[in-house]
Amino acid sequence: MSALYVAFRVSDAEYVLPAAQVTQMESFNGATPVPGVPPWVTGLIHVRGQVIPVVDVRLRFGLPHLTPLLESRVVVVQHGTRSVGLLVDTAREVLKLAPDAFVPAPELVVRTTRGFVKAVIQAQNRLLLLIDVERIIGWEDVHGNQRQERV
Amino acid sequence: MPASFDAREFLAGFLVEAAEHLVSANQNLLAVEAMLQKGQPHPRAVRDLYRSLHTIKGLASMVGIEPIVDISHAMEAVLRAADRGGGRLAPGMVDVLLKGTRAIEEAVGALEHGRPLAPAPATLLDALALLPAQAPQAAPSSEETFTLDPALRSKLGLADKEQITQGLLAGRHVWRADFVPSPQRAAEGITITTVREAVGRIAEIVKVIPIQRQSAPGIAFALLVVTDADVMAIAQAVHADAEQVVPVVQTAPPPGPEPLGAAEVERVGTIRVEVTRLDDALDKLSALVVTRYRLERATADLAARGADVRALAFVVQENGRQLRHLRAAITRARMISVADMLQRVPLLVRGLAQQTHKQVTLDLQVGRAELDKGVADRIFPAVVHLLRNAVDHALESAAERTAAGKPEAGVLRVSAHEHGTSQLELRVTDDGRGIDRDKVATRAGRPVPHSDEALLELICLPGLSTMDTTTTTSGRGMGMDIIRRITVDQLGGELSVKSVAGAGTTFTLRVPLTVTIIDAFLFMSGNQRFAVPVASVEEIVDLEGARIASWPRPGSSTGVQTRILDRGGTAVPLLALQSVFRLPPDGAGRRAILVRRNGELIAYEVDRMLGQQEVVVRPLEDPLVRRAGLSGATDIGDGKPTLVVDLIGLGGSLLEAEA
Amino acid sequence: MTEILVVDDSKVMREMVVACLRALPSSEFAHAGSGLEAIEKLSLKRCDLVVLDLNMPDIGGIEVVEFIRGQDTLKDLPILVVTTRGDDTSRALALGAGASRFMTKPFTPEGLLVEVRALLDLPGL
């Protein structure tokens, strides 16, 4: 039993998320900044008729900011009724992985990634980190009024 | 005080009514032409055409618009002669009359947009003047073959009798149902007008004839209808008992030529073909207009008694201006039916077919959906472009089609139905040659698209055209990229294509039924563009040379100043929007936008104003970007969302903003 | 209170007539958008004057005049018909059917007031 996963890179690590949650993959042409949002929300973009926010995954993971390159991609994920774009360094592959081959992430990984990674998998000699989409798009941070998360 | 009459006050109302009459006139002209091709007259349509032009002439003369008076007068003369001739127009007359309605439409358009009005074109007036001489004579009338009270029968015209005869021959019911008005019924909203509408939904009304009655209220209305509905439905609609509804039946077998099926006789009898429903608001607006006249009268009375009414008169004048703006805003915001939006399509396709010398059969299927006029105004040009493309490029010539085993006339299908509860789905389908994927790919220098999605991406590349020779009709029409921009980016809809080589192409557009459209000022602040609703702006002030007092804000570590703007003696807090929004600094702000919050003025300094335009506002739904002070985002044409700011709502939260 | 019924299928036209007549003292205006509606309103409520456009759908102004004159209670109701310039036939037919006076479009407020005051027996300007 295997399922499809979209793989992307941020800095020198590789991450995956279920392809079923991905609705689109677009190149990045800049976003309209929104005042008063956490610094890891890059801004707004138009995608297929929707205006959606873009989360800079680098900043979200606590990494230093990088000017987006040509290969940078926006991976648009669907979570419930929310549609959010994830800005990553590159996103090129779709992999077939067995969901039960994932193991819980080691303590160290969880701490350094602050809960954004929920599991890991070894595939083709690579270590792939399964991300927690819900945590990344910051659902629990955004109750009521702003609570700015300092990077 | 002499009664003064400012025709400009009524111009807006005139334009709306004239537009409605023109819609119905065009439809009637097409109906007459269709009957002409079968060698038949169309007395009802001709009669209605005559009336429409007569009405337009009367209204235009009252509002003082000479070019429209001249054109409608000339057209009315032609139609009067045709009406007297039994409802016949000679071939070729329809074309000239369509030119006439077109010329009136152009004049109406010029007035709507404040452009100068040209006098009526002399060539058109000459052409119209020559027409009555060609009107052919009436054919002898058919025998009456049905039962009806002679008093009522005497009130029926030729067209009415034909309609009843044909209805009976087609096997439909013809009823006479009487409606009796009363004060109680009127109080409940049951009037001859509402009864007509109710009956009109289940039957074709031939005529409504007022009759005298012995008992109160002394009158009744006899409705003669042709329908498939049964007697119970009709009785209910006129609030009468079933026994009181009288059938009208045939008395003799039909002589003469084949009867026309009911479907072929177009019924365009009422002046507003699609009941263009003006909002309840517009009715209430009329009441406001009347009240304003009373106010003017009262002011005049005061002046006559020696009071100084200058300030009052100014307010009344301002009120009048505001009412005009209000009417414009309501008209803009109203919903229109899909049928209304697409009513020009038959005329358009007819013109396209003529220009390209092709035969085109149009199949128009519209549901009962209603959509925002704003959406309709934006999406209709896209539909027009798709139709142009279809007739110009997609449909082959008659010879090619016959060789390919297709019928000579190309088939164009336009459908518009509700999709779910909040969208309208528009489809434009042709049975032409389909999109040549290889050709398009070569033109674009891209790989050949295999999926429909990939094909759509390709044809939406800006500047792409697959025609080798200049097209006959398209010229500077919009490209597919703009169609996608409008449908998808601006309106938040969907666009898709399906195309099969040799068989045809279908474009599907889905658009929301309602959107929020506002008039907005665009401005720059912190090197970023923003929009703010015009309605929320009290004033825009030039800060050059303005009196501003400033002092350091207590407790601020970065030297942020508190500033006050002196506006005619009022102290208004002045805030730099770029610092409120923590934007990168730009040049010194030149302008301030003033808004009023809870009665208090606040001024926001911005870099510069960019202009004003109507924008479609898309709400910001994601919790990540929902912020006080932001109403939504819009696309002003450059593909990137532009934030729409709520400066009034911002006022509350900014006082917490620290340096 | 003078009750005036304004009959025209054009709302704009009705508004213009009311605007022209606003100098009349103590007047109330009722509206009818068709001849049928006018007949209905006349049968249900008292009216002192009808301003009637001759060019209307379904039942023309002339038929309305004929019907009104056929009612005992409305025999003497002042009827002012409005026609368009050049439509002599309709005007003649309307007067023949019993209309009291006529106006041709375009008319000025002063013109309309003169006719209406005459019909209502009011002192002129």
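Run through the overall build of chain A, naming residues and quoting values.
A count of helices and strands for chain A gives three helices and eleven strands. Looking at chain A as a whole, 38% of its 151 residues qualify as buried. Pairs at least 24 apart in sequence give 54% of the contacts found in chain A among residues at least 6 apart.

Would you mind going over the overall build of chain C in detail, with residue names and values included?
For chain C, the helix and strand inventory stands at five helices and five strands. Starting at the N terminus and ending at the C terminus, chain C contains elements arranged as β-α-β-α-β-α-β-α-β-α. Relative to its full complement of 125 residues, chain C shows a buried share of 48%.

Which residues make up the pairing of strand β15 (residues 547-552) of chain B, and what values go with them?
Residue and element names in this part refer to chain B. With zero of six residues buried, β15 is to be regarded as a mostly surface element. The sheet contact formed by β15 and strand β16 (residues 561-567) spans six bridges and is antiparallel. Bridged to S550 within β16 is R563.

Mind laying out the sheet that holds strand β6 (residues 360-366) of chain B, listing which residues take part and the relevant values?
Residue and element names in this part refer to chain B. Spatial strand order, β6-β8-β9-β11-β10: five strands in an open sheet with mixed pairing. The open sheet terminates on both sides in strands that have one partner only, identified here as β6 and β10 (494-500). The mean angle between the axes of side-by-side strands here comes to 10°, regardless of whether they run parallel or antiparallel. Here eight bridges tie strand β8 (residues 410-419) to strand β9 (residues 423-430), and the two strands are oriented antiparallel to one another. Bridging from a neighbouring strand, R413 pairs with T429 of β9.

Quick one: what's the story with the interface of chain B and chain C, residue by residue and with numbers?
Each partner contributes to the interface: chain B provides 34 residues, whereas chain C provides 34 residues. Mapped onto the side of chain B that touches chain C, the elements with two or more residues apiece are α1 (11-37), α2 (43-63), α8 (183-187), α9 (192-202), β2 (204-212), β3 (219-227) and α11 (280-304) of chain B. Counting residues per element, the side of chain B that touches chain C draws most heavily on α2(B), at eight residues. By residue class, the composition of the side of chain B that touches chain C is 19 nonpolar, eleven polar and four charged.

Please set out the sheet that holds strand β22 (residues 641-645) of chain B residue by residue, giving values where relevant.
In any sheet, the strands associate via hydrogen bonds between backbone groups, in a parallel or an antiparallel arrangement. Residue and element names in this part refer to chain B. The strand order across the open sheet formed by five strands is β20-β12-β13-β22-β21, and the pairing between neighbours is mixed. Strand pairing shows two members of the sheet lacking a second neighbour, β20 (608-617) and β21 (630-635), which therefore form its edges. Along the sheet, successive strands turn relative to each other by an average axial angle of 35°, direction set aside. The sheet contact formed by strand β13 (residues 528-533) and β22 spans two bridges and is parallel. In the sheet register, A531 faces β22, and the bridge partner there is V644.

Talk me through the nonpolar core; I want residue IDs and the actual numbers.
Core analysis: the largest hydrophobic core is formed by 114 residues, its most contacted members being A:V55, A:V75 and A:L86. Residue contributions to this core peak at ten residues, all from helix α15 (residues 373-394) of chain B. The two domains that each donate at least three residues to this core are domain 4 (337-512) and domain 5 (516-654) of chain B. Each residue touching A:V75, except ones within four places of it in the same chain, is listed here: A:V6, A:F8, A:V22, A:M25, A:G85, A:L86, A:V88 and A:A91. Judged by nonpolar contacts, the second largest core, of 105 residues, contains B:L53, B:A82, C:I68 and C:F107.

How would you explain the environment of B:P573 if you had to name every residue and give the values?
All names here are of chain B. Structurally, P573 can be placed in strand β17 (residues 570-576). Judged by the 16 C-beta atoms lying within 10 Å of it, P573 is partly exposed. The spatial distance from the C-alpha of P573 to the C-alpha of L594 is 9.7 Å, given a sequence separation of 21 residues. Dropping the residues within four chain positions of it, P573 is found in contact with I564, I602 and A603.

Explain unusual backbone geometry to me, and be specific about the residues and the numbers.
With an omega of -5°, the peptide bond running from C:K105 to C:P106 counts as cis. For C:P106, the position within the fold is in the loop between β5 (101-105) and α5 (109-120). One non-glycine residue, B:H239, lies in positive phi territory at about 60°.

Describe the environment of A:L66, with residues and values.
For A:L66, the location among the structural elements is in the loop between α1 (57-60) and β6 (73-79). Here the alpha-carbon distance between A:L66 and A:D56, two residues ten residues apart in the chain, equals 9.6 Å.

Before we move on, could you go through the packing of helix α3 (residues 66-84) of chain B against helix α5 (residues 122-130) of chain B and cite the residues and values that matter?
All names here are of chain B. The interhelical angle for the contact between α3 and α5, taken along N-to-C directions, is 15°, at an axis separation of 8 Å. Here α5 runs roughly parallel to α3, going by the angle between their axes. Like other packed secondary-structure pairs, α3 and α5 cross with a definite hand, here left-handed. Contacts between α3 and α5 involve D70, I71, A74, M75 and V78 from the former and L124, L125, L128 and A129 from the latter. Per-class residue counts for the contact of α3 with α5 are eight nonpolar, no polar and one charged.

Residues and numbers for the packing of helix α17 (residues 437-444) of chain B against helix α18 (residues 452-459) of chain B, please.
All names here are of chain B. Two numbers describe how α17 lies on α18: the axes approach to 10 Å, and their chain directions differ by 45°. Considering their axes alone, α17 and α18 lie oblique with respect to each other. Like other packed secondary-structure pairs, α17 and α18 cross with a definite hand, here left-handed. Here α17 contributes R437, V440, A441 and A444 to the contact with α18, which in turn contributes L455, L458 and I459. Taken together, the residues of the contact of α17 with α18 break down into six nonpolar, no polar and one charged.

Kindly report on the confidence of the model for chain C, identifying the contributing residues and their values.
Residue and element names in this part refer to chain C. Looking at chain C, pLDDT values average 87 and 96% of them are 70 or higher. In the model of chain C, helix α4 (residues 88-97) stands out as the element of lowest mean pLDDT, 79, in contrast to strand β3 (residues 49-53), which has the highest, 95. Model confidence for the complex is summarised by a pTM of 0.56, with the ipTM given as 0.87.

Could you give an account of the confidence of the model for chain A, naming the residues involved and the relevant values?
Residue and element names in this part refer to chain A. Overall, the predicted model of chain A reaches an average pLDDT of 84, with 91% of residues at or above 70. The weakest mean pLDDT in chain A belongs to helix α2 (residues 107-112) at 78; the strongest belongs to strand β7 (residues 82-88) at 93. Long-range and interchain partners of residues 142-151, a stretch whose pLDDT sits below 50, account for eleven contacts in this model, where long-range means more than four residues apart.

Kindly report on the environment of B:E396, identifying the contributing residues and their values.
Residue and element names in this part refer to chain B. Tracing the backbone shows E396 in the loop between α15 and α16 (398-403). In this structure E396 comes out as partly exposed when scored by C-beta crowding, with 18 C-beta atoms within 10 Å. The spacing of E396 and G410 is 14 residues in sequence and 7.5 Å in space, taken between C-alpha atoms. Setting aside residues up to four positions removed in sequence, E396 forms contacts with R401, G432 and R433.

Rules and cut-offs
Residues numbered from 1 in each chain as written. Chains lettered and ligands numbered in written order. Predicted model: local features only at pLDDT ≥ 70, side-chain atom pairs only at ≥ 80, totals over all residues. Helix = DSSP H or I, 4+ residues; strand = E, 2+ residues; numbered from the N terminus. Buried ≥ 20, exposed ≤ 12 C-beta atoms within 10 Å, placed from the backbone. Contact = placed C-beta atoms within 7 Å. Pairing = 2+ DSSP bridges. Axes fitted to C-alpha atoms, helices over the stretch in contact; angles between N-to-C directions. Nonpolar A, V, L, I, M, F, W, Y, C, P; charged D, E, K, R; others polar. Core = buried A, V, L, I, M, F, W, Y, C linked by C-beta atoms within 7 Å. Domains from an automatic or database assignment. Parallel < 35°, antiparallel > 145°, perpendicular 65-115°, else oblique. Left-handed = near helix turned anticlockwise from the far one by under 90°. pLDDT = per-residue confidence, 0-100.

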